[in-house]
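# A structural walkthrough
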Amino acid sequence: MKRPRQDTRDEKEQIQFEQDLYRALRLEGLLLPETEGEVRAAEADDLCGAPPLALRDPRTVLKRVRSKPHRTSSAGPVASPEIEDNLARAAREGGKIPPEVEREMQRDREAAERKKYGNEG
Amino acid sequence: MSLRGEDPKAAEEAWAEFYNRHLGYLFGQCKKVYSATLGDLGVSDVVQDTFVRAFERAGTFKSRPTTDNDAIRYRVRGWLGKIANRLFLDILRGPVERGLSETESIAPLPADDGNANDDCVSLRVKLIRDALATLSERERHVLRVTADWHRSDRVHQRISNKDMSALAQQLQTTAVNIRQIRKRAIDKIDDYIKSHKRPSK
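Predicted, not measured: the structure shown is a model, and the values here were computed from it.

Within chain A, the regular secondary structure consists of 7 helices and 0 strands. In chain A, the succession of helices and strands from N to C terminus is α-α-α-α-α-α-α. When burial is assessed residue by residue, chain A has 26% of its 121 residues classed as buried.

Next comes the structure, spelled out in structure tokens:
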């Protein structure tokens with residue numbers, strides 16, 4: 001009877017192997033691209049098919065966010081200035097942020113934090 | 001709850017801009033990769049949930065300073081892909097794992113390493129891809145469902161019995177069998193790598 005093979009990999013090797021396996025699954029198209037290189041290659045794909053009507057209005061999704069307060073409970077308040085800031089940054093996607101705007105954002109953020117924590121304390 | 005105490009309208013506009021900019025890409029990719037498993041409705045759910053999670057976790061998105069718009073777009077979309085994959089795997093793994101990974105599935109983007117080796121796919125990854133083609137459909141499915149379980153940021157690297165039981169229920173088999181299928185698939189990949197790796201001179 002064939003005996004099961006012993007796994008001789010140590011933990012570090014095991015983690016590296018699993019990471020390579022996970023990457024191979026993405027490159028095989030069994031999971032979505034996650035790295036810059038993978039996304040670059042994926043964007044070159046000529047994917048046809050427009051999103052369904054139900055997905056086309058971002059405000060519908062926004063309503064869903066607002067109608068599910070429990071989802072945000074573990075993620076912290078949505079009103080966090082940092083989140084909003086990053087959302088705006090992500091939305092701009094590299095649009096250059098002038099230094100004065102950057103400073104203004106920083107001031108806003110600090111003021112919001114002062115207001116929030118000042119009220120709590 | 002308003003999105004932004006001072007200027008909710010601006011936040012909503014930013015959200016809409018973000019959504020519109022990435023919807024086509026995310027939907028196209030999700031449809032290509034997930035539709036055979038989840039169907040069209042399932043794909044739409046994952047797309048929508050991904051944006052919701054991105055919205056909730058926008059604070060974890062860290063982009064290194066750059067003026068390269070393409071690089072930032074790749075990074076944002078990679079982050080969305082990561083969220084979508086976690087959601088997809090949560091669905092495949094069943095309700096127990098879904099509850100367990102509620103926080104993990106929206107884990108922050110790892111520290112930016114500049115993706116220095118991003119284009120350099122290791123020989124082992126190439127061989128694993130080739131080896132995947134030699135596996136049975138069931139073996140590939142088990143590897144896919146159990147993918148990303150071994151993450152360096154997790155304290156426990158092994159799949160817990162509870163999670164494995166949920167997965168077994170999902171696949172209508174036993175936890176022991178799942179572990180055996182996975183082990184067999186990994187052994188096959190190992191054998192393939194060993195037999196195809198050129199000996200170093």
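We now examine the overall build of chain B. The helix and strand inventory of chain B stands at 7 helices and 0 strands. The order of helices and strands in chain B, counted from the N terminus, is α-α-α-α-α-α-α. When each of the 201 residues of chain B is scored for burial, the buried share is 38%. The contacts of chain B with a sequence gap of at least 6 include a subset with a gap of at least 24, amounting to 65%.

The subject of this paragraph is the packing of helix H5 (residues 137-145) of chain B against helix H7 (residues 175-196) of chain B. All names here are of chain B. The interhelical angle for the contact between H5 and H7, taken along N-to-C directions, is 100°, at an axis separation of 9 Å. By the angle class used here, H5 and H7 are roughly perpendicular. Judged by residue contacts, Arg-138, Glu-139, Val-142 and Leu-143 of H5 engage Ile-178, Ile-181, Arg-182, Arg-184 and Ala-185 from H7.

Residues separated by three or four positions in an α-helix point in the same direction, a consequence of the helix having 3.6 residues per turn. The end-to-end C-alpha distance of helix H2 (residues 69-93) of chain B is 36 Å, a good match for the 36 Å that 25 residues give at a rise of 1.5 Å each. When you tally the buried positions in H2 of chain B, you get 21 out of 25 residues, the bulk of the element.

Ranked by size, the top nonpolar core spans 55 residues in total, and within it Cys-30, Val-46, Val-47, Ala-84 and Phe-88 of chain B carry the most contacts. In terms of residues, this core owes the most to one element, helix H1 (residues 8-56) of chain B, which gives 18 residues. If we ignore the near neighbours within four places in the chain, the residues touching Val-47 of chain B are Leu-55 of chain A together with Leu-26, Phe-27 and Cys-30 of chain B.

Let us look at the confidence of the model for chain A. Residues and elements named next belong to chain A. On average, residues of chain A score 67 in pLDDT, and 45% of them are at 70 or above. Confidence scores differ between elements of chain A, with helix H5 (residues 69-73) showing the lowest mean pLDDT of 42 and helix H2 (residues 36-43) the highest of 92. Confidence drops under a pLDDT of 50 for residues 70-83, and excluding neighbours within four residues, the segment shows 28 contacts in the predicted structure.

With that out of the way, let us pick up the confidence of the model for chain B. All names here are of chain B. For chain B, mean pLDDT is 78; residues scoring 70 or higher make up 71% of the total. Note on residues 96-116: pLDDT under 50 across the span, and 31 contacts to partners over four residues away in sequence or across chains. Predicted complex, confidence summary: ipTM 0.79, pTM 0.71.

For Gly-81 of chain B, the location among the structural elements is in helix H2. What makes Gly-81 of chain B buried here is the crowd of 25 C-beta atoms within 10 Å. With near-sequence residues (within four places) excluded, Gly-81 of chain B lies in contact with Leu-32, Pro-33, Glu-34 and Val-39 of chain A together with Gln-29 of chain B.

What follows covers the packing of helix H6 (residues 161-170) of chain B against H7 of chain B. All names here are of chain B. Across the interface, H6 lies against H7 with an axial gap of 8 Å and an inter-helix angle of 90°. Of the possible angle classes, the one that applies to H6 and H7 is roughly perpendicular. On the side of H6, the interface is formed by Asn-161, Met-164, Ser-165, Leu-167 and Ala-168, while H7 contributes Ala-175, Ile-178 and Arg-179.

Here we come to H1 of chain B. Here H1 of chain B contains 49 residues, and its C-alpha end-to-end distance of 15 Å is more than 12% below the 72 Å for a straight helix at 1.5 Å per residue. The largest bend in H1 of chain B is about 125°, located at Ser-35 of chain B.

Parameters and conventions
- Residues numbered from 1 in each chain as written.
- Chains lettered and ligands numbered in written order.
- Predicted model: local features only at pLDDT ≥ 70, side-chain atom pairs only at ≥ 80, totals over all residues.
- Helix = DSSP H or I, 4+ residues; strand = E, 2+ residues; numbered from the N terminus.
- Buried ≥ 20, exposed ≤ 12 C-beta atoms within 10 Å, placed from the backbone.
- Contact = placed C-beta atoms within 7 Å.
- Axes fitted to C-alpha atoms, helices over the stretch in contact; angles between N-to-C directions.
- Parallel < 35°, antiparallel > 145°, perpendicular 65-115°, else oblique.
- Expected span 1.5 Å × (residues − 1).
- Core = buried A, V, L, I, M, F, W, Y, C linked by C-beta atoms within 7 Å.
- pLDDT = per-residue confidence, 0-100.
- Bend = angle between axes of the 7 residues up to and from the residue.

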